[in-house]
Amino acid sequence: MSDVKNKDKLGLFRRLPQMMKEALYPEDITCDVCGEELVADTRYRLCARCTENMPFVAEHICLNCGVSIDNEADYCDRCQNNPSFFKLCRAPLLYDGKARDMVYGFKFSGKKYLAHTLGAMMADTYIKNNMQGEIIVPVPMSHKDLKKRGFNQAELLAYEVGKRLNIPVLPALVKVKDTSAQKELSGKERSQNLEKAFEVVFPQVKDRKILLIDDIFTTGATANECAKALLKAKCKEVSVLTACITKLKPLME
Ligand SMILES: [Zn+2]
Ligand SMILES: [Zn+2]
């Protein structure tokens with residue numbers, strides 16, 4: 001009997017180094033982008049290499065849309081001649097390289113877990129930019145698009161951000177017009193196509209500061225139309241937070 005006990009003790013001693021290693025360095029935590037095992041959990045659950053290659057928005061940004069600007073101007077070319085209905089937009093990432101892969105995987109390859117990483121980055125951007133929101137509203141999808149994809153990526157991000165910032169999420173907007181093939185249109189055509197595409201279905205937005213959430217800010221036409229609908233429903237103001245913003249086109253292109 002005592003022999004068995006001693007054997008057990010020995011086994012425990014032998015397993016101890018492994019057990020300590022597991023406690024210090026939990027297994028099964030992998031980089032959300034490349035899948036490499038992480039020695040410890042990181043803020044965005046990314047490995048050092050993926051973090052380094054992530055196209056974060058630079059320090060100097062357009063005061064309106066939040067895109068990186070490489071000169072001293074306060075506003076980017078995109079915003080200078082286009083007044084917007086929203087107060088400002090901010091995004092942690094430029095829509096490029098690894099960030100583009102991540103959003104693509106999230107939207108089209110069923111990697112819904114990426115909402116965790118993107119949502120954490122978005123919440124940090126909100127805090128860093130001193131943004132203000134009392135209610136989070138995700139950009140809606142049309143009924144047809146939602147049926148096709150099965151989920152609304154903006155809504156998943158909205159809940160991730162809301163959870164982290166402790167702000168309630170209210171799907172107050174619905175998309176009443178199908179605007180597919182938006183991609184092929186120019187900025188101006190996009191706005192025309194989106195006219196009256198959104199409607200507010202929850203009057204609770206009245207007198208509230210709204211934080212509108214989407215995955216990508218491209219021309220700003222969608223954010224603008226949503227903000228217009230929310231302001232029509234008498235909300236106080238609309239700020240926009242997206243995971244990515246498309247880079248400005250180089251002047252020589
Ligand atoms: Zn990685
Ligand atoms: Zn801008």
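Predicted, not measured: the structure shown is a model, and the values here were computed from it.

## What about the overall build of the protein chain?
A tally of helices and strands in the protein chain yields 9 helices and 7 strands. Put simply, the protein chain has 253 residues, and 36% of those count as buried.

## Here we look at the nonpolar core
In terms of nonpolar packing, the biggest core is built from 64 residues, with Leu157, Leu212, Ile213, Leu230 and Cys244 touching the most fellow members. Beyond its immediate sequence surroundings of up to four residues, Leu230 is in contact with Val137, Val200, Val205, Ile210, Cys235 and Val238.

## Re the pairing of strand β6 (residues 209–217)
Counting buried positions along β6 gives 8 out of 9 residues, so the element sits mostly inside the fold. As paired strands, strand β3 (residues 135–138) and β6 are joined by 4 bridges and run parallel to one another. Considered in β6, the bridge of Ile136 is made with Leu211. In the classification by handedness, the crossover that spans β6, the intervening helix α9 (residues 221–232) and the parallel strand β7 (residues 237–245) is right-handed.

## Some points on the packing of helix α5 (residues 114–128) against helix α7 (residues 153–165)
To characterise two packed helices, one gives the angle between the axes of the helices and the distance between these axes. For the pair α5 and α7, interaxial distance at closest approach is 8 Å and the crossing angle is 55°. By the criterion of interaxial angle, the relationship of α5 to α7 is oblique. By crossing handedness, the relation of α5 to α7 is classed as right-handed. Residues Ala115, His116, Leu118, Gly119, Ala120, Met122, Ala123 and Tyr126 of α5 touch α7, and the partners they reach there are Leu156, Leu157, Glu160, Val161, Arg164 and Leu165. Of the residues that constitute the contact of α5 with α7, the class distribution is 10 nonpolar, 2 polar and 2 charged.

## Observations concerning α5
Given a rise of 1.5 Å per residue, 15 residues ought to cover 21 Å, and the 21 Å separating the end C-alpha atoms of α5 matches this to within 8%. Looking only at α5, the buried set comprises Leu114, Ala115, Thr117, Leu118, Gly119, Met121, Met122, Thr125 and Tyr126. Those residues of α5 that are buried lie in contact with β1 (88–90), β2 (93–94), α4 (97–108), α7 and β7. Immediately beyond the C-terminal end of α5, within one or two residues, lies Asn130, with a positive phi of roughly 55°.

## A word on the packing of α4 against α5
For the pair α4 and α5, the least separation of the axes is 9 Å and the interaxial angle reads 130°. Judged by the inter-axis angle, α4 sits oblique to α5. Along this stretch, α4 crosses α5, giving a crossing that reads as left-handed. Together, Met102, Gly105 and Phe106 of α4 and Leu114, Ala115 and Leu118 of α5 make up the contact between the two elements. Along the lines of polarity and charge, the residues of the contact of α4 with α5 split into 5 nonpolar, 1 polar and no charged.

## Describing unusual backbone geometry
In this model, Arg45 sits at a positive phi of 50°, which is unusual for a non-glycine residue. Considering the arrangement of structural elements, one finds Arg45 in the loop between α1 (2–24) and α2 (48–52). Take Arg45: there are 18 C-beta atoms within 10 Å of it, and that puts it in the partly exposed class. One non-glycine residue, Asn166, adopts positive backbone phi at about 60°. Relative to the assigned elements, Asn166 resides in the loop between α7 and β4 (173–175). Note on Asn166: 6 C-beta atoms within 10 Å, which makes it exposed.

## Let's talk about α7
For α7, with 13 residues, the first-to-last C-alpha span of 18 Å sits near the 18 Å given by 1.5 Å per residue. Where α7 is concerned, the buried positions are Gln153, Ala154, Glu155, Leu156, Leu157, Ala158, Glu160, Val161 and Gly162. Considering only its buried residues, α7 is in contact with α4, α5, β3, β6 and β7. In the stretch just after α7, Asn166 is the one whose phi turns positive, near 60°.

Definitions and limits used
- Residues numbered from 1 in each chain as written.
- Chains lettered and ligands numbered in written order.
- Predicted model: local features only at pLDDT ≥ 70, side-chain atom pairs only at ≥ 80, totals over all residues.
- Helix = DSSP H or I, 4+ residues; strand = E, 2+ residues; numbered from the N terminus.
- Buried ≥ 20, exposed ≤ 12 C-beta atoms within 10 Å, placed from the backbone.
- Core = buried A, V, L, I, M, F, W, Y, C linked by C-beta atoms within 7 Å.
- Contact = placed C-beta atoms within 7 Å.
- Pairing = 2+ DSSP bridges.
- Right-handed = clockwise from strand over helix to strand, strands pointing away.
- Axes fitted to C-alpha atoms, helices over the stretch in contact; angles between N-to-C directions.
- Parallel < 35°, antiparallel > 145°, perpendicular 65-115°, else oblique.
- Left-handed = near helix turned anticlockwise from the far one by under 90°.
- Nonpolar A, V, L, I, M, F, W, Y, C, P; charged D, E, K, R; others polar.
- Expected span 1.5 Å × (residues − 1).

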